[in-house]
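Descriptive analysis of the structure
One-letter residues, chain by chain:
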Number of protein chains: 2
Amino acid sequence: MNIQCPPPVETDERVRLGHGSGGELSQQLLRNHVFPHFNNPWIAQGRDSSVLQPNHQPMVFTTDSYVVTPLFFPGGDIGKLAVYGTVNDLAMSGARPLYLSCSLILEEGLPLSTLSRVMASMGHAAAEAGVALVTGDTKVVERGKGDGIYINTSGIGVLDHPVPIGPEQIRPGDHILLSGDIGRHGMTIMASREGLEFESPLQSDCALLYGPIEKLLAAGIHVHCLRDLTRGGLATALVELAETSGCQMVVREDAIPVCPPVQGACEILGLDPLYVANEGRFIAVIPEQQSALAQSILSGCAVSAACRTIGAVANGDRAQVILENALGAERLLDRLPGEQLPRIC
Amino acid sequence: MNIQCPPPVETDERVRLGHGSGGELSQQLLRNHVFPHFNNPWIAQGRDSSVLQPNHQPMVFTTDSYVVTPLFFPGGDIGKLAVYGTVNDLAMSGARPLYLSCSLILEEGLPLSTLSRVMASMGHAAAEAGVALVTGDTKVVERGKGDGIYINTSGIGVLDHPVPIGPEQIRPGDHILLSGDIGRHGMTIMASREGLEFESPLQSDCALLYGPIEKLLAAGIHVHCLRDLTRGGLATALVELAETSGCQMVVREDAIPVCPPVQGACEILGLDPLYVANEGRFIAVIPEQQSALAQSILSGCAVSAACRTIGAVANGDRAQVILENALGAERLLDRLPGEQLPRIC
């Protein structure tokens, strides 16, 4: 076999927390140090999951490691997140989730009761999502070489409605729908980490997303693209889609819902909710003529009841995201340069 | 949906290094704290990988996290191990490896040149194994919450020769073939960790195993069971197979090859080579009448050139492994109780 891989890059640089942000630094890390060594069509697509076809019906494969701290937070925990997050990545390819793997890296000294609590939560979440956890692995590292528990889940799903979904399907005129208000997960994690308290209690938005996606597909909506808003938040997701699709997107700032506790916490802490992480929100890019139907379908699902059309794909030939404020002023959205809040998932 | 999962177990116990050994403690951890929360037929089989059939042709799914220290050792590194190990788990189900995922947990401060070196090694290994790395994820944790780099790979393979392979296929009279000498990987890791030097340099045995397996299957050998010898070594693998199959196995100690440097190092350090980890050795349980053919096929492959028949499945009704020494004395093999050497893979 002719094996030609590029040599490793010589550099004195080191991994920084920002390399895990999902933003620009993350992209650089992958582009410079990871992708060059795995030259295949799936990697080239740069997506969160890959569509495979080992047999007849196409299937989707995805993976995520979860290192969230604290392990338990209002509205969820690392176990629930590890199921929901991976299942949602499948859903964003339009795939019905079927199987999960679970690989644990435990730190010496972790109370077994904590492990049991996390596993129980994973079990509930898997049952709720209708996926079978079919294979796993457990490693233990010495005290001080981990942080309680890290979980990797990989997921396999099948495409019952094999319509092509992805950034390359995005067309000028498409509407951009947002499934609900943003920033709850990130601010919940930050609040529980910093011991902040708010008047109205804040909970993570973490939720299963295949339900509404399945309804869109079953109704014959030609979903062009889906993206869940995790690390880097709404802004990073939009910028990535614009860059990958080569399209210009115009989004109205006042159409983007942010609940008062998130807005308040962001103001106090100097954060922009557009960049704050979510675990149960997504955007759907839908052909203009089906946008109203899609919005009414999403509004009928609890998890996307507050769905809004926040903008559209423009005719412009620059791959960028323009944010219009209520006064009509425009600014360009950037990727998150480094790390806003590490280890939120 | 009716979701009934058991409640988490209340206990004051904590995770110990031995819980990661692949031995008895590992089993307890899974039995008490993990499996009860994921009640499905795949988990019940307690295997390293699961056969799925989302479409027509059955496929196999497996996962492993790699936490080996040091990251680089004679004969390999964590990246090579992360490809070989997962691909070998597929091979042990008789599956041709097709796709891999790669999820990284990086510690803040890791030199990027180290990351590049590891990724380059993974790329080479994936090309060598003929698998496509199709999806991935990267997380970064703070300094002191990891150990340079942890890698999870999950793998998908297909069964070109869909003969049932597994402990439940083991029958009295079957021959037990061992693919080569044991203990090289574990002793190499220990030596590089402790700075030990030997007269003849010791290298990890880490190797790809699908080649010989494919040849066995293509030749029509009714392979009853396959098991790669990783954590816990040959002894733990045999005991697990005996317990899962309910069969008695009798193995001749003097038929088990151990190379002089491994033998010497084990004597100095007070270790039993039967329990030392390997990353390129396996046992095959083969019907008696096909055993000679299987052995000649395996002997023709470089990776299993030193293949030996080390014992057989007896008619006894006790699920145990009996080790006969050269003088005819017998002893029962146990699982590794705790941890012999942490983080060897």
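**Some words on the domain arrangement of chain A**
Residues and elements named next belong to chain A.
- Examined at the domain level, chain A breaks down into domain 1 (17-158) and domain 2 (167-333).
- Relative placement of domain 1 and domain 2: their C-alpha centres are 22 Å apart.
- Each partner contributes to the interface: domain 1 provides 29 residues, whereas domain 2 provides 26 residues.
- Interface of domain 1 and domain 2: buried area, both sides summed, is about 2,200 Å²; carbon and sulfur atoms make up 63% of it.
- On inspection of domain 1 and its partner domain 2, the count reaches 0 salt bridges.
- Where domain 1 meets domain 2, there are 4 residue pairs in polar contact (both at pLDDT 80 or more).
- Going through the elements one at a time, α3 (78-91), β5 (96-107) and α4 (112-129) are the ones with two or more residues in the side of domain 1 that touches domain 2.
- For the side of domain 1 that touches domain 2, the element with the most residues is α3, which contributes 8 residues.
- Classifying every residue of the side of domain 1 that touches domain 2 by side-chain character gives 12 nonpolar, 11 polar and 6 charged.

**Thoughts on helix α1 (residues 24-34) of chain A**
- Among the residues of α1 of chain A, those classed as buried are Leu25, Ser26, Gln27, Leu29, Leu30, His33 and Val34 of chain A.
- At its buried positions, α1 of chain A is contacted by α7 (233-245) of chain A together with β5 (96-107), α4 (112-129) and β6 (132-141) of chain B.

**What to know about the packing of helix α6 (residues 210-218) of chain A against helix α9 (residues 291-299) of chain A**
All names here are of chain A.
- Taken N-terminus to C-terminus, the directions of α6 and α9 make an angle of 145 degrees; their axes are 9 Å apart at the nearest point. For the element pair α6 and α9, the recorded crossing hand is right-handed. Counted together, Pro212, Lys215 and Leu216 of α6 and Ala294, Ile297 and Leu298 of α9 form the full contact between these two elements.
- Classifying every residue of the contact of α6 with α9 by side-chain character gives 5 nonpolar, no polar and 1 charged.

**Structural notes on the environment of Leu238 of chain B**
All names here are of chain B.
- Position of Leu238 relative to the elements: it lies in helix α7 (residues 233-245).
- The class of Leu238 is buried, set by a relative accessible area of 1%.
- Contact partners of Leu238, with chain neighbours within four places excluded, come to Ile176, Met249, Val251, Ile283, Val321 and Leu333.

**Side note on the pattern of salt bridges**
- All chains considered together, the criterion is met by 24 salt bridges over all chains.
- With a closest N to O distance of 3.5 Å, Asp64 of chain B and Lys139 of chain A form a salt bridge. One end of the pair, Asp64 of chain B, is in strand β2 (residues 59-66); the other, Lys139 of chain A, is in strand β6 (residues 132-141), on a second chain. Taken individually, Asp64 of chain B and Lys139 of chain A each receive the classification buried, so the pair is uniform in this respect.
- The salt bridge partner of Arg281 of chain A is Asp181 of chain A, with a shortest N-O separation of 2.8 Å. Taken as a pair, Arg281 of chain A in the loop between α8 (260-269) and β11 (282-286) and Asp181 of chain A in the loop between β8 (175-178) and α5 (184-194) lie far apart in primary sequence, 100 residues in all.
- According to the relative accessible area criterion, Asp181 of chain A is buried, its value standing at 10%.

**Brief notes about the environment of Lys145 of chain B**
- Tracing the backbone through its elements, the reader meets Lys145 of chain B in the loop between β6 and β7 (149-158).
- Between the alpha carbons of Lys145 of chain B and Gly79 of chain B there is a distance of 20 Å; along the sequence they are 66 residues apart.

**Some details on the sheet that holds strand β11 (residues 282-286) of chain B**
All names here are of chain B.
- Strand order in the open sheet made by the 7 strands is β9-β11-β8-β12-β10-β13-β14, with mixed pairing throughout. Each end of this open sheet is capped by a strand with a single partner; those strands are β9 (225-228) and β14 (330-332). Along the sheet, successive strands turn relative to each other by an average axial angle of 25 degrees, direction set aside.
- In this structure, strand β10 (residues 249-252) lies alongside strand β13 (residues 321-324), joined through 4 bridges in parallel fashion. Bridging across to β13, Val250 finds its partner in Ile322.
- The sheet strands contacting α7 are β8 (175-178), β9, β10, β11, β12 (308-313) and β13, and the helix crosses β11 at an angle near 35 degrees.
- With respect to the sheet, helix α9 (residues 291-299) is in contact with β8, β11 and β12, its orientation differing from that of β8 by roughly 5 degrees.

Cut-offs applied
Think of each chain on its own: its residues are numbered from 1, step by step along the sequence as written. By the order in which they are written, chains take letters starting at A while ligands take numbers starting at 1. Reporting of local features is limited, given that this is a predicted model, to residues whose pLDDT is at least 70; pairs of side-chain atoms are given and counted only at 80 or more, and all residues count toward the totals for whole chains, interfaces and linings. Neither water nor hydrogens contribute to the side-chain values; these are computed over all heavy atoms in the structure. An automatic or database domain assignment supplies the start and end points of every domain. Whether two residues are in contact is decided by their heavy atoms, any of which lying within 4.5 Å being enough. Put simply, buried area is how much 1.4 Å-probe accessible surface two parts lose in total, over both of them, once they are put together. Any Lys or Arg side-chain nitrogen located within 4 Å of an Asp or Glu carboxyl oxygen qualifies as a salt bridge. As used in this structure description, the phrase polar contact means that two N or O atoms lie within 3.5 Å; if the pair is within protein, one of them must be able to donate a hydrogen and the other to accept it, and residues adjacent in sequence are counted only when both atoms belong to side chains. Numbering goes from the N terminus for both helices and strands, where a helix is a DSSP run of H or I of at least four residues and a strand is a run of E of at least two. Three classes are used, and their members are as follows: Ala, Val, Leu, Ile, Met, Phe, Trp, Tyr, Cys and Pro are nonpolar, Asp, Glu, Lys and Arg are charged, and the others, Gly among them, are polar. Partly exposed describes any residue whose relative accessible area lies between the buried limit of under 20% and the exposed limit of over 50%, with all areas from a 1.4 Å probe on protein chains only and scaled to the type maximum. In this analysis, axes come from line fits to C-alpha atoms, helices being fitted only over the stretch in contact, and the angle between any two N-to-C directions falls in the range 0 to 180 degrees. Crossings are assigned a handedness: left-handed for a near helix turned anticlockwise from the far helix by less than a right angle, right-handed for a clockwise turn. Strands are treated as partners if at least two bridges between them are detected by DSSP.

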